[in-house]
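Below are the chains, spelled out letter by letter.
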Amino acid sequence: MTLEVRAVRKAYGSVEVLHGVDLIGNGGDVVAVVGANGAGKSTLIKILSGAESLDSGELWLDGQRLALRTPHDAQAAGIRTVYQELTLIPGLSVTENLLLGRMPRRAGLIDWTEAHRRARTLLDEAGFSGIDPATLAGDLTVARQQMVEIAKALASEPRVLVLDEPSAVLAGRDLDALFALIRRLQERGVLIIYVSHRLAEVTELATSIVVIRDGTVVKTTEPARTSENELITLMAGRKLERIYPDARPEPGGELLTVRGLSRPGEFENVSFTLHAGEIVGMFGLVGAGRSELARCLFGDTRVASGTVSLDGTPVRFDHPAAAISAGLALVTEDRKRTGMVASMSVRDNIALATLHARKRGPLIDRRRQKATVNEMIAKFDIRPDDCAALPIATLSGGNQQKSILAKWLLAGPRVLILDEPTRGVDMATRVDIYRTIDALARSGHAVLLISSDLAEVIGATDRVLVMRNGQISGEIRSDTATEDQVLGYSIREAA
Amino acid sequence: MGILVVLLVVMVGVMALSTDGFLTERNLTNLLKQMVTTGLLAFGMLVVILTGGIDLSVGSVVAFTGIVSAGLIADLPIPVAMAVAIAAGIGFGLINGILVAGFNLAPFVVTLAALTTIRGLAFVYSEVPISPSDPGFFSLGTAMVGPIPLTTVIMFAVFIVGGIFLSQTPAGRAIYAIGGNAETVRLAGISVRKHVVLAYAISGACAGLAGVILASRVGIAQPSVGVAFELDAIAACVIGGASLAGGRGSVRAAFGGVLVLALINNLLNLHGVQSYWQQVLKGLIIVAVILVQRRSQRRRT
Amino acid sequence: MGILVVLLVVMVGVMALSTDGFLTERNLTNLLKQMVTTGLLAFGMLVVILTGGIDLSVGSVVAFTGIVSAGLIADLPIPVAMAVAIAAGIGFGLINGILVAGFNLAPFVVTLAALTTIRGLAFVYSEVPISPSDPGFFSLGTAMVGPIPLTTVIMFAVFIVGGIFLSQTPAGRAIYAIGGNAETVRLAGISVRKHVVLAYAISGACAGLAGVILASRVGIAQPSVGVAFELDAIAACVIGGASLAGGRGSVRAAFGGVLVLALINNLLNLHGVQSYWQQVLKGLIIVAVILVQRRSQRRRT
Amino acid sequence: ACSSDKDGDGSGDGKAKGRTVGVANFTLGGPYFNGMDRAIKAQAESKGVTVISTDANGDAAKLASNVEDLISRKVDAVIISGGPLESAPAALNSLKAAKIPVILVDRKFQTGEYTSWIGPDNQRIGVQDGEFLAKQLPDGGKVAIIKGGPADNSIGLARTNGLKSALGKDSKFTLVEAPDFGNWGSDGGLAVMESLLASHKDLKAVFCENDAMCLGAQRAIANANLSSQIIIAGVDGQLEALQEIAKGGNYVVTGLNSADQIGRLGLDRAIEVLDGKNVEKDTVVDSPQITKQNAQEFIDKSKS
Ligand SMILES: Nc1ncnc2c1ncn2[C@@H]1O[C@H](COP(=O)(O)OP(=O)(O)OP(=O)(O)O)[C@@H](O)[C@H]1O
Ligand SMILES: Nc1ncnc2c1ncn2[C@@H]1O[C@H](COP(=O)(O)OP(=O)(O)OP(=O)(O)O)[C@@H](O)[C@H]1O
Ligand SMILES: [Mg+2]
Ligand SMILES: [Mg+2]
C-alpha cells in the first residue's frame, strides 16, 4: 500500500500556505512530518483527512487517485486522523465518542451492552486499558482524552493513520503506551504519518522524515542519515548555535518562598523557594499536581494550609488580580481554554492583562498601546509580522503561545510561572522563549518552568524540582542532573 | 435531576398542606390538562436546544396549525385536517432548520422572523376565530382515558417516545453530540445538517400537535393564540437543567421543569393571588428554583 | 459591516423611488423618532450580548420606569422623577447582573423571570395608566433640536458615548473579552463578575431611559407597554452581526440593525401593506437581510 | 386601491371619492378589533373611499408612529381604534398640528382633542348582563367573573363594574373574581374557568368581559359536566356566542357591542366631517341585550 501526495498547494484567502508539497509513504512506514510553527503541517494533514480541500495537486492511494471532498471520503478510503486540537464531545461517554456514527443497534435502538463491550475492546487493543468506557469524555484528563482520540481513530481499522502532535499532552507511561501502539500498527502494515515537535521521538520512531519550511518540503530524509541539529537547522532555515542559554550567575535573595502548601486532593506539603535571577524547572508526570500548584500560587484557588511569602512578606491572594498586582504572572497550560480570547485580535490579547497601563484620562491611549504591542510582536518574532489586527485564532499554535507570553511580559511580573510553555512550539521558537526567560532571570526575575519535556526542564533551568502524587519528591541542580535521575524521582514509589 | 425531584415533592407538599383545593380530583385533572401545551412545546424545544439552537416560532405555529385544522374540517375528514395542520407545523420546522443548518444563520433570528411571519400567516388564513360545528373536532381535546385526559396521555407518550429517541437511537445521540461539538460529528461522517433540520422539524411537529390539541380543547381556534408560549417552553427546559449552549439536558428533567411551572401557576391560582402579584411571585419563584438547583449542582462537582 | 451599509443604501433607494412619502421632512422626522426606543434598547442589549448574555427584561423595565416617572411627578420635580425612574432601571439591571454573574445562573432564565416580575411590579405600582397633567413631562419627548427630535439626539449620544466606552476604555474591552473567553479574562486579573454586572446595569439604564422617553413622547404611561420590545432589540443586534455567543458585535453595526428594522416598518407602512401581510413580509425581509449578510461574510473569509 | 370610477350603489357621495382615510388600530390581535377594521374597510369600499389601515400590535408608541406615517401619506382623516388605550396624546397632538380630523371608534380617550367619538357604553352592557343574571337566578348564588386583563384595561373594568353594580348590592349573590386573566381569548377563558371550577364547585353563573373568553369557559364547564348548573353571560355579540345563545344552552346572554356597526358608523362620520357637516361630538351606540329570544335575528343580520 502506498500513499502519495503530489505537488499539493493550498491557500487561505490570498495567502498560500502550501506551495506544492510532496510526500510518499508505504504500509508499515512511520513518516514523520516536522517543521516550525505555521510551516503548514496541520494544513497538509487537514487536506489528507478531507477536512480542507486542496487548490491543486494530487493524492494517490494504491494507484488510485483520491478526490477527498469530505472527511467521510477520507475515512472511506481508509485514512483516519487524530487532530492537534481535542475534538471529543464532552457530554457523551467514552463509548459514544469512540463509536460515534457507528453505534451498534438492535431493532433500531442502540445496543448499549454491545457498544460498551466494543469500546472496551478498542481501548484494550490500543493499550489504554485504564480508561472506563462509561465515563463522560469531559471528565477525563487531557492526556486520557488524547488516548481516546487515538483509540477512536483505530476503531475503523485505518490503512493510513495520521497523528498531529499526539505526544504533546502525553508523558511517561502514557507516551510509552503510544509508542508501543505505533509499533504494533506498523507491524500490521498501517502507514503512520506523524507530526511532532519532539525531535527525539521523531528520530526514534520514524522510518522517514519530511521537513517542511514555509509550506515547502525542504528535505526528505531518514533518521539514520540526519541528526537533531540538522533537522533544527532545516526547519528554522538558519543555524541555531545553541538551544539553551549559558549558565546564569549565582541567584540573588529569596523572592518567592512556599512553605508546607497543601490543597487536599491536589498537592500536599509543598515547600520550595525561588530566588531572584533564577529559573527553576518543575517536572512530573501527568496528574502529578503541578498545574494545580501553579493555579493555587496564582490565587485562582484557595490555599488550604501552608504559607507563601513574597520578598519575605507573607501573602495570600484571593484572586488572580491580587497575584498580578503583587508581581506574579501565570502562563497556563491550556492555551485555548485559559490563555487566549479566540474572538479577539492579537493586539487585544497581548494588551489584555495591562488594559489600565496606558491611558489618557479614562480612555485607553490606543496609539501607545499599539506601539507597545507592535514592539512585543517584533521582540517575540510573532508571525505573520503584521498580525496585530488579525484574530489570534488564525495564528499557528506556536505563535499563539508567543502572544500569550508577550501579554504577561507586558504586565512586568517579578515571578513568572510558565506551565508547559513550549507545548506544541517549534524548536526555533523554543529557543526564543528560552532566551527571553533567560534575559528576565538575568534582570532579577524568578521563573518557575513547569514542563513535561525532560531535556528542556534540565537544559533551560538552574534547578529542577520533581513532583509526584502531589508532593515534591526531589530536587536536583540542573548542571549535574541527568534525565534518568529526574525521571526516577517522578516515578519512584514513595519510600 | 435529583434536586428537581426534591423541589417538586416540596412544592406538592406545600400545596397539599396550604390549600384544600389541591388534592381534589378536579384540580389534579386540570393540572394534567394545563401542562399539555407547555409540555409538548418543551419537548420540541429541548430537542432544538440540545443542538445548540432555539425555536422562538412555536407560539405562532400553535396559532397557525390550530386555525388551519379548524378551517380544513369544512372540506376534509377531521383526522386528515388535523394531520395536514401538523404537517404544516413540520413544514415550518423544516424551513427553520434549513435556514439554520443549510444557510448557517443564527437560530434566534431565523425563528424570530418565523415567529412574525407565521403569526401573520395565521391571520391571513383567517382573521376571525373559527369555531367548527362538527363536535368530532372537540373529541381529541376532551376525551378521557380512564381518569386521565387523552391529551395528557398524548403528551406522556411524546415524552416517553421522545426520551427513547434521544437516548437510544443513533439520530437522538447525534442531536446530543451536535450540541457538544458539531465539527466532530461532521468528521464522524454524520450529517449535522440533516440532524439539525430534523430537530427543528420535531419542534415544529410538537408545536403543530399542540396547536391542534389546543384548538380542539378550547373548541374554537383563534389566530391570536400562543403569544409568548415559547418563553414558558424554554423556561421549562432550562429549569430542567438544559444548557442553551447545547449538548446538555434531559427529557425527564425538562418534564420536571414543565411540572414546576404548572405547579407554580396552580399554587398561585389556588391561593387566589392577584394576577399582577402572581407575575411578581412567578418570576421570583423561578429564580429561587434555579438558584437551589445551581447550588446543588455546584456541591456535586 | 460593509454589506449592511450597502443594504441600507439599497433600502433607502427603493423607498425613495417607490413612494413619494419617504423623502418628506415629516417622514424622515418620524423615522428618527420611531427608532429611538429600539435604538436605546439595542445598545444596552448589545453590551449584554457581548458578554455572552441576554436581557429579556428590557420591555418590562420600559413599562416600569415609564409609569414610575409619570407617577412620581406628582411629588417630585420632573427631572428628579425621571432620574429616580432611570435609577430603578439600573437597579433592575444590577439585580439581573448579580444573579447572572454572582450566582452563575443562565441569563436567559434570570432575565425571563425578571421580565415577569418587573411587569407585575409595574402593575402593582399602578393598575391604570397615568397621564401626567404637567405638560413639562412631555417636553423631553417632543422637543426638537433644530430639525431633529431631542430624543433622537439623546439616542445618538448614547451610541457615540457607548461606542467610545466599548472600544476605548478598559471596561469596554473587558466586556468584549469576557464574551470571548471569560476564563482567560479572569486569569488576566480582570473581575469578570464586576464587568458582567456593569453590562446588565447599562442595559437597565438604557431601558430606563427608553421608558421615560417613551412615556414622555406618548404622553401617557401604561404599565402594559413594551411587550416583546426585547425581540426587536435583539434582532437589531444580530442583524448588525453580533454573535449571541458573545465577544462579537459592534455599536455601529447594531445601529445599522436598528435602521434596517425602522426602514422595514416604514417601507411597509408607506406602501400601505395590510397589517398581517406586514408581519409576513417583515419576517421574510429579516431573513433575506441576514442571508445577504451571511453570504458576504462567507465570501470575505 | 379600492376607489373606482364606476358609480357606487347610490349611497356614495360624489365628494367622498378620491378621499383617503387612515385607520390607526391599536391592535388587530382579537376578533372584535379585527371586525372593526374590516367594517371600516367594507364601508369605505361602498363609499368609494380609500383606506390605509395600520396595526400597532398593542404598542402605544407604535400607534403614535403609525399615525405619523399616516400623516406622511397625506390622509384626509384618521380613525383611531384605540382598543384598551386610555389616551394617545402624542397621536392626537400630531393630528391636531396637521389639522387632520380624528374619529374615535369604540374607545373614547380620556384626554386630548378629537373630532368625534362613536362607541358603546361598556358599563351599561355590564349592568344589562347583571340584571339579566339576577332575573335568571332568583335564589342568588355564586357568580364568577373572568377578566381579560391586564389590570389597566379600563374597557374590561367598566364592564365588570357594571356587572358588580347590578349584582353587588344584592346579598344573595357572592361575586368571585378569577385571580388570573383570560387574556381576551377562548384558550385563556378555558384555562381560567378550569382553575375556578377546581376551587368553586358551587358556581351558579359566570360573567366574562368578552364572548371569546365565555366560549372557552363554556367548554370548561361542559367538560366538568356542569352545563346544567352554571349559566354564562358575555359581552360583544361574537358570532359563535350568538349561535350558542340561539341553541338555548347555558350561554344565556350577551350585550351587543357591534364592531361592524361602530366601524361603519365611524367611516360615515369621517365622511360627514370631511364634507363639512356639523356632527355630534359623542355618539353612544346602543348595545341591545341578546338572549335566546332574539339571537337568531342578530345571527341573520351579521351574516347578511
Ligand atoms: N483557517 C485559516 N485561515 C487563515 N489562515 C490559516 C488558517 N489555518 C491555518 N492558517 C495559516 O496557515 C499557516 C499554516 O498553519 P498550520 O496550522 O498548518 O501550521 P502548523 O505547521 O501546523 O503549525 P504548528 O506547529 O504551530 O501547529 C499559518 O500561517 C496559519 O496562520
Ligand atoms: N476531571 C477533569 N475535568 C476537566 N479537566 C481536567 C480534569 N482533570 C484534569 N483536567 C485538566 O487536564 C489538564 C491536564 O490534567 P492533569 O492536571 O491531570 O495533568 P497535568 O496538568 O499535565 O499534570 P500536572 O498536574 O503534573 O501539571 C489540566 O488542564 C487539568 O486542569
Ligand atoms: Mg499544527
Ligand atoms: Mg500540567
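Quick caveat, the model's predicted, so the values are computed rather than measured.

Things to note about the coordination of the magnesium ion (ligand 4)
All names here are of chain A.
So, point 1. Those donors, Ser291 (OG) and Glu333 (OE), are the protein atoms that reach the magnesium ion (ligand 4), and they lie 2.0 to 2.4 Å from it. Taken together, the residues Ser291 in helix H9 (residues 290-297) and Glu333 in the loop between strand S18 (328-331) and helix H11 (335-339) connect sequence positions 42 residues apart.
So, point 2. On the basis of relative accessibility, which here comes to 33%, the residue Glu333 falls in the partly exposed class.

Some remarks on the site of ligand 2
All names here are of chain A.
So, point 1. Taken together, the neighbourhood of ligand 2 is formed by 13 residues, with Gly287, Gly289, Arg290, Ser291 and Glu333 sitting nearest.
So, point 2. In this structure, an oxygen atom belonging to ligand 2 sits 2.6 Å away from a side-chain N or O atom of Arg290.
So, point 3. Considered on its own, ligand 2 offers 590 Å² of accessible surface; in the complex 76% of this is hidden by protein.
So, point 4. For the shell around ligand 2, the element with the highest residue contribution is H9, accounting for three residues.
So, point 5. Of the residues in the shell around ligand 2, the class split is four nonpolar, five polar and four charged.

Side note on the side chain of Thr111 of chain C
All names here are of chain C.
So, point 1. With respect to the secondary-structure elements, Thr111 resides in helix H5 (residues 107-125).
So, point 2. Under the relative-accessibility criterion, Thr111 is labelled buried at 0%.
So, point 3. Within polar-contact distance, the side chain of Thr111 engages the backbone nitrogen of Leu56 at 3.1 Å.
So, point 4. Thr111 has contacts with Ile54, Asp55, Leu56, Ser57, Asn96 and Tyr200, leaving out every residue within four places of it along the chain.

A short note on the pairing of strand S12 (residues 216-221) of chain A
Residue and element names in this part refer to chain A.
So, point 1. The sheet contact formed by strand S11 (residues 208-213) and S12 spans five bridges and is antiparallel. Counted as the bridge partner of Arg213 is Thr216 from S12.
So, point 2. The antiparallel pairing of S11 with S12 creates a hairpin that spans two residues between the two strands, and Asp214 there sits at a positive phi of about 50°.

Structural notes on the sheet that holds strand S14 (residues 267-275) of chain A
Strands belonging to one sheet form pairs held by backbone hydrogen bonds; the direction of such a pair is parallel or antiparallel.
Residues and elements named next belong to chain A.
So, point 1. Pairing within the open sheet is antiparallel, and its four strands lie in the order S14-S13-S16-S17. Either end of the sheet is taken by a strand with one partner, and the two such strands are S14 and strand S17 (313-315). In this sheet, neighbouring strand axes are inclined to one another by 25° on average, regardless of whether the strands run parallel or antiparallel.
So, point 2. Two elements, strand S16 (residues 305-310) and S17, share three bridges in a ladder whose sense is antiparallel. When the bridges of S17 are listed, Ser309 appears paired with Pro314.

With respect to the arrangement of the chains
So, point 1. Where five pairs of chains are in contact, the pair with the most contacts is made of chains B and C.
So, point 2. As for chain D relative to chain A, no contact occurs, and the smallest C-alpha gap between them is 37 Å.

Here we look at the packing of aromatic side chains
Residue and element names in this part refer to chain A.
So, point 1. This structure, assessed with the given rule, holds 15 aromatic pairs over all chains.
So, point 2. Arranged with centres 5.9 Å apart and planes meeting at 85°, the rings of Phe298 and Trp408 form a pair that is edge-to-face. With Phe298 in the loop between H9 and S16 and Trp408 in helix H14 (residues 397-410), the pair connects residues that are 110 residues apart, well separated along the chain.
So, point 3. Residue class for Phe298 comes out buried when judged on its relative accessible area of 0%.

What to know about the relation of the copies chain C and chain B
The two chain copies are connected by a rotation around an axis plus a translation along it.
So, point 1. Each copy superposes on the other: chain C lies on chain B with an RMSD of 0.2 Å after a rotation of 180° and an axial shift of 0.0 Å. Here the two chains are linked by the operation of a two-fold rotation axis.
So, point 2. Mapped onto chain B, 100% of the interface residues of chain C again fall at the interface, so both copies present the same surface.

A look at a nonpolar patch on the surface
So, point 1. A cluster of nonpolar side chains, contributed by Leu109 of chain A together with Phe156, Ile160 and Ile164 of chain B, occupies part of the molecular surface with about 330 Å² of accessible area.
So, point 2. As for its position among the elements, Ile160 of chain B is in helix H7 (residues 150-168).

Regarding the packing of helix H2 (residues 25-50) of chain B against helix H6 (residues 186-199) of chain D
So, point 1. At a minimum axis distance of 8 Å, the contact between H2 of chain B and H6 of chain D shows a crossing angle of 160°. Overall, the two elements H2 of chain B and H6 of chain D adopt an arrangement that is roughly antiparallel. Classified by chirality, the crossing of H6 of chain D by H2 of chain B is left-handed. Of the residues in H6 of chain D, those in contact with Arg26, Asn27, Asn30, Lys33 and Gln34 of chain B of H2 of chain B are Ala191, Glu194, Ser195, Leu197 and Ala198 of chain D.
So, point 2. Taken together, the residues of the contact of H2 of chain B with H6 of chain D sort by class into three nonpolar, four polar and three charged.

Details of the pattern of salt bridges
Residues and elements named next belong to chain A.
So, point 1. Counted under the stated rule, the structure contains 58 salt bridges over all chains.
So, point 2. For Glu52, the salt bridge goes to Lys10, with nearest N and O atoms at 3.6 Å. Placement of the pair is Glu52 in the loop between helix H1 (41-48) and strand S4 (56-61) and Lys10 in strand S1 (residues 2-12), with a sequence separation of 42 residues.
So, point 3. The exposure class assigned to Glu52 is partly exposed, which follows from its relative accessible area of 23%.

Conventions used here
Throughout this description, residue numbers start from 1 for each chain and increase along the sequence as written. Naming scheme: in the order in which they are written, chains are lettered from A and ligands are numbered from 1. In keeping with the model being predicted, local features are shown solely for residues with a pLDDT of at least 70 and side-chain atom pairs are shown and tallied solely at 80 or more, while totals for entire chains, interfaces and linings include all residues. Working from all heavy atoms in the structure, the side-chain values ignore hydrogens and water. Metal coordination here is assigned from N, O and S atoms located within 2.8 Å of the ion, or within 3.2 Å for Na, K and Ca; omission of water means that sites may look incomplete. Each helix is a run of H or I in the DSSP string that is no shorter than four residues. Each strand is a run of E no shorter than two, and both are numbered from the N terminus. Classification of residues uses two cut-offs on accessible area relative to the type maximum, computed with a 1.4 Å probe and protein chains only: under 20% is buried, over 50% is exposed, and between them is partly exposed. Whether a residue is near a molecule or strand is decided by its heavy atoms; if any one of them lies within 4 Å of it, the residue is near. Each polar contact in these results corresponds to two N or O atoms within 3.5 Å; when the atoms are within protein, one needs to be able to donate a hydrogen and the other to accept it, and residues that are neighboring in sequence are counted only if both atoms are side-chain atoms. Shrake-Rupley sampling with a 1.4 Å probe provides the accessible areas, and residues are treated as covered by the protein chains on show and by no other component. In this classification, Asp, Glu, Lys and Arg are treated as charged, Ala, Val, Leu, Ile, Met, Phe, Trp, Tyr, Cys and Pro as nonpolar, and every other residue, Gly included, as polar. Contact criterion: two residues are considered in contact whenever any of their non-hydrogen atoms come within 4.5 Å of each other. Two strands pair under a simple rule: DSSP has to find at least two bridges between them. Axis lines are fitted through C-alpha atoms, for helices just across the contact stretch, and the angle between N-to-C directions can take any value from 0 to 180 degrees. Aromatic pairing here means that ring centres of Phe, Tyr or Trp (its six-membered ring) are within 6.5 Å. Orientation follows from the plane angle: under 30 degrees is stacked, over 60 is edge-to-face, and everything else is tilted. C-alpha atoms of residues with pLDDT of at least 70 in both copies form the basis for the least-squares superposition of the copies. Residues with no salt bridge and a relative accessible area higher than 30% make up the patches, which join like charges within 9 Å and nonpolar side chains (Val, Leu, Ile, Met, Phe, Trp, Tyr) within 5 Å. Salt bridge criterion: a side-chain nitrogen from Lys or Arg within 4 Å of a carboxyl oxygen from Asp or Glu. Angular relationships are summarised with four words: roughly parallel below 35 degrees, roughly antiparallel beyond 145, roughly perpendicular across 65 to 115, and oblique for the angles in between. Two helices that cross are described as forming a left-handed crossing if the nearer one is turned anticlockwise from the farther one by less than a right angle, and a right-handed crossing if clockwise.

Any functional reading would require information that these geometric values do not contain.
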